Amino acid sequence: MTSSNDPIFALSSANARSAIHIHRISGINLLPYFQGYLFKIKSNEVLNVSMIQEQISSKPYLQYLYIKDAEGNILDDVLFTFFKAPKSYTGEDIIEISSHGNPLISSLLQRLFRHLGLRDALPGEFTQRAYLNGKIDLVQAEGINQLIHAETMGGIQLARDSVAGELSKETEEVKNVLIEIMAYLEAHIDFAPDEVGDYQPESLMPLMKQALAKLQNLLNSYSSGLRAREGVKIALVGKPNAGKSSLYNALLKFERAIVTHIPGTTRDILEDRLIIRNKDFVLIDTAGIRETEDTVEKIGVERSIKTLSKADVICLIISLENVYIKNIKKFLEETLVQFLLHSDFSPEQIILPVFSKMDLMPKEIFENILNFYSEVINDKKFLHLENILSKKCIFCSHNDTESLSSQLVKLHDQLTGLLGHKNNPTLISERQRNKIEIAVKNLKEGIDLIYKKDYPEKISSVINQGRQSLQEVVGEIQLDQVLEKIFSTFCIGK
Ligand SMILES: Nc1nc2c(ncn2[C@@H]2O[C@H](COP(=O)(O)OP(=O)(O)O)[C@@H](O)[C@H]2O)c(=O)[nH]1
Ligand SMILES: [Mg+2]
């Protein structure tokens with residue numbers, strides 16, 4: 001990617017037939033390029049662009065005009081907007097031309113721009129210029145990109161926080177703490193104790209711990225942010241015929257999965273987006289987990305087991321059909337043992353037992369089942385699952401998923417953290433996480449050295465590496481390849 005500031009243009013709206021197309025042009029001293037090509041609508045008089053340059057104050061210049069080609073043919077009547085540097089998105093002069101939204105008209109306009117000596121912009125080049133001109137930092141640039149690509153409301157919220165500078169502020173604060181620590185250490189490198197007092201590195205511990213805690217919070221925010229962006233993944237698992245596909249359809253509110261009384265009907269994984277009360281989920285239906293000789297079903301079962309590992313919430317669907325009231329406790333225990341003690345779960349997952357087909361069981365029994373459930377899961381064989389196995393279980397049927405939906409919404413809040421709350425910045429890219437991880441490693445090493453009362457030179461050098469890594473989060477770096485990688489994921493025209 002080029003870092004020069006030659007004039008560039010791009011169609012910033014989609015190139016489809018639509019009401020308007022917006023062409024964006026950025027560069028230094030742009031207006032003279034257009035002298036002789038813009039005309040007033042009423043009088044057809046040529047527009048003297050140097051007039052605009054003089055007239056313009058702090059507000060952008062806006063005029064309805066004809067734009068003509070070199071032969072004097074009208075290409076379109078357009079809304080012409082001029083933002084004078086540095087008060088523009090890129091920090092350079094920007095012209096925005098709103099034309100009629102016809103790809104043919106736009107291609108004629110683009111031909112004219114090339115004729116005038118403007119160059120087709122590369123993906124993200126406008127935002128890259130904004131960054132290089134100090135209008136935004138790198139975290140904000142990444143936020144802008146995610147604001148455009150977000151597919152969930154959670155993703156939009158996070159991206160907006162990032163553009164607003166929440167994360168940049170947080171890293172700046174930690175950076176300042178590190179500088180304060182380094183100042184103490186540097187003083188003890190340069191001056192004698194009678195000038196700056198005895199060298200007591202342990203006095204730095206509270207600041208170090210405060211900085212470390214903030215960075216660790218940021219690291220934790222990455223996975224909750226990812227869930228908010230991509231949707232919380234809920235897998236419906238259980239035995240064949242438990243009612244998984246029926247629940248899947250009921251939650252989605254349409255007949256997506258095939259439902260029959262024949263066990264082994266669902267053989268592949270189904271996945272759909274689901275929104276409940278403005279919260280985004282990805283709902284996954286799986287093949288029932290059982291021993292089978294059927295080749296296709298076997299593959300389905302293997303895929304179901306794999307799916308378990310990527311789900312945030314595993315709904316274990318347990319059918320109340322054919323369950324005898326007298327045997328409930330034993331049945332429950334066997335089902336949980338069979339499912340929970342033969343799979344691996346990660347500490348970030350939540351297992352939610354869901355009793356399906358509740359219409360087949362008298363309601364009075366539910367209280368008993370809840371009590372049995374608590375007794376069973378408190379047994380020591382389930383102790384290792386204490387933090388991931390829900391303390392509560394849910395009852396539902398294909399006609400009534402209300403309590404399941406409410407519980408899923410609660411789990412969404414829990415798994416995505418306190419999102420949307422101010423002062424709770426979130427990491428939104430792998431790049432950011434990587435930089436913070438390095439800073440955390442440096443700080444931990446620094447704490448170790450402080451315990452050992454090591455030389456101030458050594459401690460300061462380690463903390464300085466952490467500070468550099470933090471600076472790289474917001475982009476105080478000169479590495480062209482890094483910039484190229486970030487901006488190449490943008491849309492053209494942004
Ligand atoms: N009475 C009742 N039957 C259900 C309910 N949910 C599913 N079924 C029946 O149970 C059978 C298996 O359902 P299905 O959703 O295919 O189960 P899956 O194999 O776990 O996907 C079908 O005959 C459904 O009609 C329910 O809530 N109540
Ligand atoms: Mg099914």
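Residues numbered from 1 in each chain as written. Chains lettered and ligands numbered in written order. Predicted model: local features only at pLDDT ≥ 70, side-chain atom pairs only at ≥ 80, totals over all residues. Heavy atoms only, no water.

### Digging into the packing of aromatic side chains
Okay, so step 1: Within this structure, the stated rule accounts for six aromatic pairs.
Okay, so step 2: When the ring of F339 is compared with that of F345, the centres are 6.1 Å apart and the planes differ by 45 degrees; the resulting orientation is tilted. Across this residue pair, the class does not change: F339 and F345 are buried.
Okay, so step 3: Taking NZ or CZ as reference, K68 lies 4.0 Å from the ring centre of F39, over its face. (Phe/Tyr/Trp six-rings, centres within 6.5 Å; stacked < 30°, edge-to-face > 60°. Buried < 20%, exposed > 50% of the residue type's maximum accessible area, 1.4 Å probe, protein only. Lys NZ or Arg CZ within 6 Å of the ring centre and 35° of its normal.)

### Focus on the sheet that holds strand β6 (residues 93-101)
Two orientations exist for strands paired in a sheet by backbone hydrogen bonds: parallel and antiparallel.
Okay, so step 1: Strand order in the open sheet made by the seven strands is β3-β4-β5-β6-β2-β1-β7, with mixed pairing throughout. On the outer flanks of this sheet lie β3 (38-40) and β7 (119-120), each paired with one strand and no other.
Okay, so step 2: Bridge count for strand β2 (residues 18-27) against β6 is nine bridges, and the pairing is antiparallel. Bridge assignment links R24 to a residue of β6, and that residue is E96.
Okay, so step 3: Packing of helix α2 (residues 103-115) onto the sheet brings it into contact with β1 (8-11), β2, β4 (61-68), β5 (74-83), β6 and β7, and relative to β2 it is tilted by some 15 degrees. (Pairing = 2+ DSSP bridges. Helix = DSSP H or I, 4+ residues; strand = E, 2+ residues; numbered from the N terminus. Contact = heavy atoms within 4.5 Å. Axes fitted to C-alpha atoms, helices over the stretch in contact; angles between N-to-C directions.)

### What about the site of ligand 1?
Okay, so step 1: In the region of ligand 1, 17 residues are neighbours, and N241, K244, S246, D359 and H398 sit closest.
Okay, so step 2: G243 is positioned such that a nitrogen or oxygen atom in its backbone is 2.9 Å from an oxygen atom of ligand 1.
Okay, so step 3: With respect to ligand 1, the backbone of H398 contributes an N or O atom lying 2.7 Å from an oxygen atom.
Okay, so step 4: Contact with the protein chains covers 84% of the free accessible surface of ligand 1, which is 580 Å². (Near = heavy atom within 4 Å. Polar contact = N/O pair within 3.5 Å; in protein donor to acceptor, adjacent residues only side chain to side chain. Areas by Shrake-Rupley, 256 points an atom, 1.4 Å probe, with all protein chains shown as cover.)

### Section: a nonpolar patch on the surface
Okay, so step 1: A surface patch of nonpolar side chains, amounting to about 290 Å² of accessible area, comprises L62, Y64 and L79.
Okay, so step 2: Inspection of the secondary structure puts L62 in strand β4. (Patch = residues over 30% accessible without salt bridge, like charges linked within 9 Å, V, L, I, M, F, W, Y side chains within 5 Å. Salt bridge = Lys/Arg side-chain N within 4 Å of Asp/Glu carboxyl O.)

### Quick word on the domain arrangement of the chain
Okay, so step 1: Here the chain is described as being made up of domain 1 (8-137) and domain 2 (152-474).
Okay, so step 2: A straight line from the C-alpha centre of domain 1 to that of domain 2 covers 47 Å. (Domains from an automatic or database assignment.)

### Looking at the nonpolar core
Okay, so step 1: One finds L320, L336, F339, L340, F345 and F355 to be the most contacted residues of the largest nonpolar core, which totals 33 residues.
Okay, so step 2: When contributions to this core are tallied by element, the ones reaching two or more residues are β8 (232-238), β10 (279-285), β11 (313-319), α11 (328-340), β12 (350-356) and α12 (365-377).
Okay, so step 3: Sorting elements by how many residues they give to this core places α12 first, with six residues.
Okay, so step 4: Discounting residues that sit within four places of it in the chain, F345 has contacts with I314, F339, L340, I351, L385 and I388.
Okay, so step 5: Judged by nonpolar contacts, the second largest core, of 31 residues, contains V174, V462, V473 and V474. (Core = buried A, V, L, I, M, F, W, Y, C linked by side-chain atoms within 4.5 Å.)

### Overview of the sheet that holds β12
Okay, so step 1: Read from one edge of the open sheet, six strands run β9-β10-β8-β11-β12-β13, paired in mixed fashion. Looking at strand neighbours, the two that pair on one side only are β9 (270-276) and β13 (394-395), the edges of this open sheet.
Okay, so step 2: Inspection of the sheet shows β12 paired to β13 by two bridges, in the parallel sense. Residue pairing across strands places F355 opposite F395, the latter belonging to β13.

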